[in-house]
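# Reading the structure
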Amino acid sequence: MPVIAPWPAARPTQAPSQHGADEAMAAGTTVDHLTETYRAHYRSLLGLAALLLDDTASCEDVVQEAFIRVHSARGRVREPEKTLAYLRQTVVNLSRSALRRRILGLKLLSKPMPDMASAEEGAYEQLERDQLIKAMRGLQRRQREVLVLRYFADMTEAQVAETLGISLGSVKAYGSRGIAALRVAMEAPA
């Protein structure tokens, strides 16, 4: 059973001239009453939290937090017999909040991680990129321009022709010759 720090001293009750209803309020707000409620109902409140949450540590935290909150607001508890009701409602509200935080955390964690290449795959891809860049540098200027605009800039043949100021037939010819030259360069031993 977790230990809770002792309750701070109770506030002094109001002047004797206002006995009647104020005595009932003072009885509901005393530290002694809350301590007795803690002793008598801790396990039942823990059971309530256990029905709402799935792990013991969270249940204990919720119940302790409920007692702390009711203790802090004990001046608003006007009738001693309602103290347990306030505690139960606080346990339910704190359990809901804990579940909302968990659900939000699960939503954030459930997003798939991007596919990551292994170190070997990354090194191999780097070698291929380096080889491709070297092969691209070996192409004629127009072939390189057409291939870069067509495949790396993702332009259509018509857009490449317009950008370079050449005919559509020239784009096709430079493109096919450039790809053929790249195949030869990439297959050649390094």
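Right, let's walk through the structure included here. (Residues numbered from 1 in each chain as written. Predicted model: local features only at pLDDT ≥ 70, side-chain atom pairs only at ≥ 80, totals over all residues. Heavy atoms only, no water.)

Moving on to the overall build of the chain. What the chain contains, in helices and strands, is eight helices and zero strands. For the chain, the succession of helices and strands along the chain, N to C, is α-α-α-α-α-α-α-α. Across the 190 residues in the chain, those meeting the buried criterion constitute 26%. Excluding contacts between residues fewer than 6 apart, the proportion of contacts in the chain whose partners are at least 24 apart in sequence is 64%. Roughly 13200 Å² of accessible area belongs to the chain as shown, and the carbon and sulfur atoms make up 57% of that amount. (Helix = DSSP H or I, 4+ residues; strand = E, 2+ residues; numbered from the N terminus. Buried < 20%, exposed > 50% of the residue type's maximum accessible area, 1.4 Å probe, protein only. Contact = heavy atoms within 4.5 Å. Areas by Shrake-Rupley, 256 points an atom, 1.4 Å probe, with all protein chains shown as cover.)

The largest bend in helix H2 (residues 31–52) is about 60 degrees, located at His41. Among all positions of H2, only Val31, Leu34, Thr35, Thr37, Tyr38, Tyr42, Leu45, Leu46 and Ala49 are buried. (Bend = angle between axes of the 7 residues up to and from the residue.)

This part takes up the packing of H2 against helix H3 (residues 56–72). Contact geometry for H2 and H3: axes closest at 9 Å, N-to-C directions at 150 degrees. In this view, H2 runs roughly antiparallel relative to H3, as classed from their interaxial angle. Relative to H3, the crossing made by H2 is right-handed. Contacts between H2 and H3 pair Val31, Leu34, Thr37, Tyr38, Tyr42, Leu45, Leu46, Ala49 and Ala50 from the former with Cys59, Glu60, Val62, Val63, Phe67, Val70 and His71 from the latter. Tallied by class, the residues present in the contact of H2 with H3 amount to 13 nonpolar, two polar and one charged. (Axes fitted to C-alpha atoms, helices over the stretch in contact; angles between N-to-C directions. Parallel < 35°, antiparallel > 145°, perpendicular 65-115°, else oblique. Left-handed = near helix turned anticlockwise from the far one by under 90°. Nonpolar A, V, L, I, M, F, W, Y, C, P; charged D, E, K, R; others polar.)

Counted under the stated rule, the structure contains six salt bridges. Of the charged contacts in the structure, one is a salt bridge between Glu79 and Lys82, with a shortest N-O distance of 3.7 Å. A salt bridge links Arg142 to Glu145; the nearest nitrogen and oxygen atoms lie 3.3 Å apart. Of this pair, Arg142 and Glu145 are both found in helix H6 (residues 141–152), three residues apart, which corresponds to roughly one turn of the helix. The exposure class of Glu145 is partly exposed, given its relative accessible area of 24%. Salt bridges sharing partners connect three or more residues here, namely Arg141, Arg142 and Glu145. (Salt bridge = Lys/Arg side-chain N within 4 Å of Asp/Glu carboxyl O.)

Structurally, Ser95 is set in helix H4 (residues 83–109). Among the residues examined, Ser95 registers a relative accessible area of 1% and is labelled buried. Excluding residues that lie within four positions of it along the chain, Ser95 makes contacts with Ala49, Leu52, Leu53 and Val62.

This part is about a negative patch on the surface. A cluster of acidic residues, Glu120, Glu121, Glu125 and Glu128, forms a negative patch at the surface. Take Glu121: it is sitting in helix H5 (residues 119–137). (Patch = residues over 30% accessible without salt bridge, like charges linked within 9 Å, V, L, I, M, F, W, Y side chains within 5 Å. Lys, Arg positive; Asp, Glu negative; His and termini not counted. Charge placed at Lys NZ, Arg CZ, Asp CG, Glu CD.)

Moving on: the packing of H6 against helix H8 (residues 168–187). Helices that pack against each other are described as a pair by the angle of their axes relative to one another and the distance between those axes. Their axes nearest at 8 Å, the elements H6 and H8 cross at an angle of 95 degrees. Taken as axis vectors, H6 and H8 run roughly perpendicular relative to one another. Across the interface between the two elements, Arg142, Gln143, Val146, Leu147 and Tyr151 from H6 touch Val171, Tyr174, Gly175, Arg177, Gly178, Ile179 and Leu182 from H8. Considered class by class, the residues forming the contact of H6 with H8 number seven nonpolar, three polar and two charged.

Once that is clear, we can look at the nonpolar core. Ranked by size, the top nonpolar core spans 18 residues in total, and within it Leu45, Val63, Phe67 and Val91 carry the most contacts. For this core, the elements supplying multiple residues, two or more each, are H2, H3 and H4. Those residues in contact with Val63 that sit more than four places away from it in its chain are Tyr42, Leu45, Leu46, Ala49 and Val91. If you look at the next biggest cluster of nonpolar residues, it comprises seven residues, including Val146, Leu149, Val160 and Leu164. (Core = buried A, V, L, I, M, F, W, Y, C linked by side-chain atoms within 4.5 Å.)

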